[in-house]
Amino acid sequence: MITVRVPAKVNVQLGVGGLRADGFHDLANVFFAVGLFDEVTATPAEGVMLSCTGPDAAAVPLDDSNLAARAARLLAAHHGLAEPGVHLHIAKAIPVAGGMAGGSADGAAALVACDALWGLATPFETLLELAAELGSDVPFALLGGVALGRGRGEILDALPVAGTFHWVFAVADGGLSTPAVFRECDRLREEAGTGSSEADVPTPDADPALLAALASGDPVALAAALTNDLQAPALSLRPSLADTLRAGTEAGAIGALVSGSGPTCAFLAKDAESAAAVAAALRASGTCRTAHATHGPVPGAEVSAPRP
């Protein structure tokens with residue numbers, strides 16, 4: 001039995017370029033791994049089997065559309081294993097379809113868990129390459145910490161960061177489709193008359209002020225630099241998120257933004273005590289289903305002791 005713990009992410013900067021011919025967008029995506037974890041446990045089985053427990057477990061697909069199953073099959077194929085055998089149990093804590101890369105995290109965890117279970121000793125760089133085949137966010141779930149993602153997010157450079165930052169995540173009812181949010185981003189750009197293609201929209205780059213805030217460990221400076229080009233389209237599709245952002249800010253958060261493609265909202269607090277107060281206020285506000293206070297950055301997917 002191998003259990004792998006894998007973190008959620010928040011995008012402290014998500015710059016979205018224009019629509020490319022292949023249907024993707026160039027990104028300047030500053031990933032930040034936070035202490036909200038899924039656990040994936042791998043045990044021997046006939047074929048590839050999935051199970052899931054935790055909040056929203058009913059919304060998690062248990063077939064080959066799940067990135068964990070796809071990861072197991074991809075790793076087996078890479079090593080020439082004709083009949084991959086594994087039961088993957090996913091213990092969910094990361095919101096489903098919440099903009100925190102929970103599905104991608106499970107795919108990364110499955111790669112690590114199956115590699116250990118099958119005794120393959122795959123080099124980490126190879127795991128990163130396989131992760132990129134699975135999806136844009138999967139490589140970062142392996143890496144953890146803080147990193148700049150370029151291309152469609154899969155080309156990663158680790159970033160220096162000092163100290164610990166304190167976060168609150170407000171979980172919404174239901175999810176948002178990432179492709180739908182990107183389509184809405186393109187639509188809003190066309191509606192504004194700026195155009196939405198890569199010829200119309202400059203290739204985004206990391207914000208120097210944000211990088212400096214991370215490197216210095218300054219939460220106030222980081223709060224001032226938080227940006228997400230997908231926030232406006234997420235709010236367009238789910239206007240009630242504006243109430244959640246307002247409630248967290250009024251409760252004392254020093255920074256607020258939609259996490260990734262949403263609908264989870266992320267709040268930066270000045271310290272752990274403030275984060276706990278913001279989370280309590282959000283839970284009482286009626287603007288979200290629940291709220292979690294946590295911290296980061298934290299490591300990427302790693303083998304851990306299984307849950308009792």
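Remember, predicted model here, so these are calculated numbers, not experimental data.

> For this particular structure, what's the right way to read the packing of aromatic side chains?
Any two aromatic rings considered together are summarised by their centre-to-centre distance and by the angle between their planes. Counting across every chain of the model gives 4 aromatic pairs. An angle of 10° between the planes, with centres 4.7 Å apart, marks the rings of F31 and F140 as stacked. Of this pair, F31 sits in strand 2 (residues 25-43) while F140 is found in helix 4 (residues 138-143), placing the two residues 109 residues apart along the sequence. Per residue, the accessibility class of F31 equals that of F140, and both read buried. When the ring of F32 is compared with that of W167, the centres are 5.6 Å apart and the planes differ by 65°; the resulting orientation is edge-to-face. In this pair, F32 is assigned in strand 2 and W167 in strand 7 (residues 165-171), connecting sequence segments 135 residues apart. Members of the aromatic cluster, connected to one another through ring pairs, are F32, F165, W167 and F169. R5 extends its terminal NZ or CZ atom over the ring of F37, reaching a point 3.7 Å from the ring centre.

> Looking at this structure, I do not really get the layout of surface pockets. What am I missing?
With a probe scaled to a water molecule rolled over the atoms, the places where space remains empty come into view. By volume, the largest pocket amounts to about 940 Å³. S104, D137, T178, P179 and S261 are, among the 38 residues lining the largest pocket, the residues nearest its centre. Classifying every residue of the lining of the largest pocket by side-chain character gives 15 nonpolar, 18 polar and 5 charged.

> How should I be thinking about helix 3 (residues 124-134) in this particular structure?
Because an α-helix completes one turn every 3.6 residues, residues spaced three or four positions apart along the sequence face the same direction. When we look at burial in helix 3, the residues that qualify are T126, L127, L128, L130, A131, A132 and L134. Elements that come into contact with the buried residues of helix 3 comprise helix 1 (67-78), helix 2 (102-117) and helix 4.

> Is there a simple way to think about the nonpolar core in this case?
For soluble globular proteins, nonpolar side chains are generally found buried alongside one another. In terms of nonpolar packing, the biggest core is built from 65 residues, with V12, F32, L88, L142, W167, L214 and L222 touching the most fellow members. If one sorts the elements of this core by residue count, helix 2 sits on top with 8 residues. Discounting chain neighbours no more than four positions away, the residues touching L214 are V30, F32, V146, L159, P160, V161, A162, F165 and L222. Residues A234, L245, F267 and A279 belong to the second largest nonpolar core, which totals 26 residues.

> Can you help me understand empty space enclosed by the protein in this one?
Summed over all chains, the structure comprises 1 cavity of 30 Å³ or more. Empty space within the largest cavity amounts to approximately 40 Å³. In terms of lining, the largest cavity is formed by P7, A8, K9, A33, A101, D137, F140 and A141. Of all the secondary-structure elements, those providing two or more residues to the lining of the largest cavity are strand 1 (2-19) and helix 4. For the lining of the largest cavity, the element with the highest residue contribution is strand 1, accounting for 3 residues. Residue composition of the lining of the largest cavity, by class: 6 nonpolar, no polar and 2 charged.

> Just to check I follow, could you spell out helix 6 (residues 208-216) for this structure?
Burial in helix 6 covers these residues: L210, A213 and L214. Buried residues of helix 6, viewed axially, fall in a sector of 100°; they line one side. Buried residues in helix 6 make contact with strand 1, strand 2, strand 5 (146-150), strand 7 and helix 7 (219-225). Between a side-chain oxygen at the N-terminus of helix 6 and the backbone nitrogen of A209 the separation is 3.1 Å; the capping residue is D207.

> I'm lost on the sheet that holds strand 10 (residues 265-269) in this one. Help?
Whenever strands of a sheet pair, they do so through backbone hydrogen bonds, lying parallel or antiparallel. Spatially, the 4 strands line up as an open sheet ordered 9-10-7-11, and their pairing is antiparallel. Each having just a single partner strand, strand 9 (255-258) and strand 11 (290-296) make up the two edges of the open sheet. Strand-to-strand twist across the sheet, computed as the mean angle between neighbouring axes with direction ignored, equals 20°. Examined bridge by bridge, strand 7 and strand 11 share 7 bridges and lie antiparallel to one another. From the neighbouring strand, V168 faces strand 11, where its bridge partner is A293.

> Please explain the pairing of strand 5 as it appears in this structure.
Working note: regular strand, side chains alternate between the two faces of the sheet. Of all 5 residues that make up strand 5, 4 are buried, and the element is covered over most of its length. Bridge count for strand 2 against strand 5 is 4 bridges, and the pairing is antiparallel. Its bridge partner lying in strand 5, F32 is registered against V146. Where strand 5 meets strand 6 (residues 155-158), 4 bridges bridge the pair, whose relative direction is antiparallel. Paired with A147 across the strands is A158, a residue of strand 6. In textbook terms, the turn of a hairpin is the stretch between consecutive antiparallel strands, and for strand 5 and strand 6 this stretch comprises 4 residues, one of which, G151, has a positive phi near 65°.

Cut-offs used in this document
Residues numbered from 1 in each chain as written. Predicted model: local features only at pLDDT ≥ 70, side-chain atom pairs only at ≥ 80, totals over all residues. Heavy atoms only, no water. Phe/Tyr/Trp six-rings, centres within 6.5 Å; stacked < 30°, edge-to-face > 60°. Helix = DSSP H or I, 4+ residues; strand = E, 2+ residues; numbered from the N terminus. Buried < 20%, exposed > 50% of the residue type's maximum accessible area, 1.4 Å probe, protein only. Lys NZ or Arg CZ within 6 Å of the ring centre and 35° of its normal. 1 Å grid on protein atoms, 1.4 Å probe; cavity = no way out; pocket = protein on both sides within 12 Å on 5 of 7 lines; lining within 4 Å. Points joined across faces, edges and corners; volume = space filled by probe spheres on them. Nonpolar A, V, L, I, M, F, W, Y, C, P; charged D, E, K, R; others polar. Contact = heavy atoms within 4.5 Å. Core = buried A, V, L, I, M, F, W, Y, C linked by side-chain atoms within 4.5 Å. Arc of directions from axis to C-beta. Polar contact = N/O pair within 3.5 Å; in protein donor to acceptor, adjacent residues only side chain to side chain. Pairing = 2+ DSSP bridges. Axes fitted to C-alpha atoms, helices over the stretch in contact; angles between N-to-C directions.

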